[in-house]
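Structural characterization, general
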Amino acid sequence: MAVHIRHAGRYREIAVALIRHGFGYMVEEMGLTRVLRLPISWIRREAPETKTLGERIRLVMEALGPTFIKLGQLASTRSDLLPASVVQELSKLQDEVPPFEAAEARRIVELELGGPIEDFMSEFSEEPIAAASIGQVHSARMVDSGQRVAVKVQRPGVKRQVMRDLEILHDLVGLGEKRWEWVNRYQVTQLVEEFSRSMEAELDYTSEARNMERISAQFEQDKHIHVPAVFWDCTSERVLTMAFVEGVKPTDRVYLEHRGYDVKEIASRIVNAVLNQIFIAGFFHADPHPGNMLIMKDGSITFLDFGMVGRLSPDMREYLSSLVIALMRQDTPAMVRAIERMGMIHEDTDVSALKRDLERLRERYYDVAFSDVNLGQVINDFFSTARQHGIGIPPDLLMLGKALVTTEGMVEQLDPTLSIVTLAEPFGRKLAREKFGPERLRRKTINGALGLADSLAGLPDRLRHLTSFISGGRVKVELEMPELRKASRGVDRLVNRLAFSIVLLAFSIVMAGLVVGASLSQKETVIWNYPIIEMGLGVAVLMVLLLLFSIFKSGRF
């Protein structure tokens, strides 16, 4: 049993939450009742639940706090693995908790910045302007410039709590793998590992600050998209200081229209900003929900909260553009090729069956105008098809799908006539043109030449290394040839037949010599009163018959 004794109290909390919401059988089958000394009657008296599976999972996550809420939010992006009803419930998880004391926030800021808060900030609000499970945000004002800033402060002890829960999650998944087939089928281990990496990055505010600056650089020439500036002198692993921004949430359409904003233009800007991050930069905000976005007075958009980001390599963006174009053209073979180039199709994948299912998916959207296509539904259908064929979707591609679905749901409230698929078409075509552009060909040529030069430069060292192994008698050659034994038997039969034929030929030559000699001497050739020629002819005929029989029997005459 992998339960850590020092975490026994937390294991008990998890077990009680599972029992309370109809998962007591899991607690019993994992052996937690015995290790934690839980009364078996708790399991036996477990009342039947009237809630759906998705609702019960969501309630467990909410009861267990920040780490499990974050896990549920990540799981809600895995429409390739989980049923739609479960994904829908997990999407309702809210990361809202009561704030902690302002005095504690000030103490953490002073500890992280290495001095009294007054040395850095002339004001620091007592009441936070936002609070979440990982941290909360206070407004402040810088001493030197007087600029108003937002200070994000990490909750005291949250890192220790998260790391403890991650350790427990790994233990529980290890137990589950030995007991339930669905743990492996739904790739729960990979999900927890992915979640662990995401949480470790989110607990380091310097990582988030770097994400902010990287995405901000994408829109240096776009006056309609903003990212708050980072104040690095007042930023650390547990404190993030950024420019303060005020605005309206994009979902407040009535307010925006009342104030004279062009909501259709705002919707278009949001979609183009997200698509630019994905298709052009390959580095995108993975959680662009309404709470992480503000509409400014001039109609520009400010993105917030960059703890979760996605990355797409140039090759992945190229393959993704090919997939988008194939979807638009309803070209099933091109869709399969794009998926294969992404490395998502394995050796045991039934490509013919995959093509048939993609063809059915294509027919579902046949003759449907782009403006009428629901991108979220298309993505969920595609992921569902992939899941049926055991195709693993890369995590960053899943985050991309989640970002697009979230964006679509948000802009639909601003402009129901806007189609993300239509706006995505120019980006896909641009990437397709760049694929064969002179700059890309030049870069590939240079990279290929540099790689070849590097390989050639290292060749003498590799040869010397190989020579030393050979001279030392340390070269070990392993051949794996399952058909070698069968082939060896075939060669043996062939050699035996060849030898038999040679013997028969030699015997025939000897017999021919005896016949010629007997005819010349006109004497009968006998040994021990037996006629040699007659006997030899009989033996030769028998040998020929045996050879012909073996050849016919082999079926290879």
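The present account deals with the structure reproduced in this document. Note that the structure is a prediction, hence the values are computed from the model and not measured.

Within the protein, the secondary structure is distributed over 23 helices and twelve strands. Expressed as a percentage of its 557 residues, the buried residues of the protein come to 43%. Residue pairs at least 24 apart in sequence account for 66% of intrachain contacts in the protein once pairs closer than 6 positions are excluded. Accessible area of the protein: about 31100 Å², with a carbon and sulfur share of 56%.

As enumerated under the stated definition, the model contains 17 salt bridges in all. Here Glu62 makes a salt bridge to Arg58, at a shortest N to O gap of 3.4 Å. Taken together, the residues span about one helical turn, with Glu62 and Arg58 both in helix α5 (residues 53–64) at a distance of four residues. Judged by relative accessible area, which is 16%, Arg58 ranks as buried. Among the salt bridges present, the one from Lys70 reaches Glu202, with a minimum N-O distance of 2.8 Å. Taken together, the residues span a long stretch of sequence, with Lys70 in helix α6 (residues 66–75) and Glu202 in helix α11 (residues 188–202) at a distance of 132 residues. Considered together, Lys70 and Glu202 belong to a single accessibility category, that of buried residues. Among the ionic contacts, a cluster of salt bridges with common partners joins Arg10, Glu13, Arg164 and Asp165.

This paragraph deals with the side chain of Glu202. Using a relative accessible area of 14% as the deciding quantity, one classes Glu202 as buried. Residues within four places of Glu202 in sequence aside, it is in contact with Lys70 and Ile134.

Where helix α14 (residues 263–281) meets helix α19 (residues 395–414), the axes come as close as 9 Å, and the angle between the chain directions of the two elements is 170°. Taken together, the axes of α14 and α19 lie roughly antiparallel to each other. Contacts between α14 and α19 pair Val263, Ile266, Ala267, Ile270, Val271, Val274, Leu275 and Ile278 from the former with Leu400, Leu404, Thr407, Met410, Val411 and Leu414 from the latter. A breakdown of the residues in the contact of α14 with α19 according to their chemical character gives 13 nonpolar, one polar and no charged.

A few words on the sheet that holds strand β9 (residues 301–303). Strands sit in the order β5-β9-β8 across an open sheet of three strands; the sheet is mixed. Two strands bound the open sheet, and with one partner strand each, they are β5 (225–226) and β8 (293–295). Alignment of β5 against β9, held across two bridges, turns out to be parallel. Paired with His226 across the two strands is Thr302, which belongs to β9.

Secondary-structure assignment places Gln161 in helix α9 (residues 158–179). Gln161 gets classed as partly exposed once you look at its relative accessible area, which sits at 27%. In the structure, Gln161 is positioned 95 residues away from Pro66 in sequence and 8.9 Å away in space, judged by C-alpha atoms. The contact partners of Gln161, leaving out residues within four places of it in the chain, are Pro66 and Thr67.

Residue pairs spaced three or four apart in an α-helix point in one direction, given the helix's 3.6 residues per turn. Over its 14 residues, helix α12 (residues 205–218) runs 20 Å from end to end, which matches the ideal 20 Å to within 8%, given 1.5 Å per residue. The complete set of buried residues in α12 reads Tyr205, Thr206, Ser207, Glu208, Ala209, Asn211, Met212 and Ile215.

Non-glycine residue Asp305 carries a positive phi angle of around 60°. Topologically, Asp305 is positioned in the loop between β9 and β10 (309–311). Overall, the relative accessible area of 35% leaves Asp305 in the partly exposed class.

Turning to helix α16 (residues 332–341), its buried residues number three or more, namely Thr332, Ala334, Met335, Val336, Ala338 and Ile339. At the C-terminal side of α16, Gly343 shows a positive phi close to 80°.

Tallying each qualifying case throughout the model produces zero aromatic pairs. Note that Arg56 overlies the ring of Phe23, its terminal NZ or CZ placed 4.7 Å from the centroid. Above the plane of the ring of Phe283 lies Arg214, whose end atom (NZ or CZ) is 4.0 Å from the centre.

Among the structural elements, His285 can be located in strand β7 (residues 283–285). Accessibility expressed as a relative area gives 2% for His285, which makes it buried. A distance of 3.1 Å separates a polar atom in the side chain of His285 from the backbone nitrogen of Asp287. With residues up to four places along the chain from it excluded, the contact list for His285 reads Ile215, Gln277, Asn292, Phe303, Leu304, Asp305, Phe306, Met308 and Ala403.

Conventions adopted
Residues numbered from 1 in each chain as written. Predicted model: local features only at pLDDT ≥ 70, side-chain atom pairs only at ≥ 80, totals over all residues. Heavy atoms only, no water. Helix = DSSP H or I, 4+ residues; strand = E, 2+ residues; numbered from the N terminus. Buried < 20%, exposed > 50% of the residue type's maximum accessible area, 1.4 Å probe, protein only. Contact = heavy atoms within 4.5 Å. Areas by Shrake-Rupley, 256 points an atom, 1.4 Å probe, with all protein chains shown as cover. Salt bridge = Lys/Arg side-chain N within 4 Å of Asp/Glu carboxyl O. Axes fitted to C-alpha atoms, helices over the stretch in contact; angles between N-to-C directions. Parallel < 35°, antiparallel > 145°, perpendicular 65-115°, else oblique. Nonpolar A, V, L, I, M, F, W, Y, C, P; charged D, E, K, R; others polar. Pairing = 2+ DSSP bridges. Expected span 1.5 Å × (residues − 1). Phe/Tyr/Trp six-rings, centres within 6.5 Å; stacked < 30°, edge-to-face > 60°. Lys NZ or Arg CZ within 6 Å of the ring centre and 35° of its normal. Polar contact = N/O pair within 3.5 Å; in protein donor to acceptor, adjacent residues only side chain to side chain.

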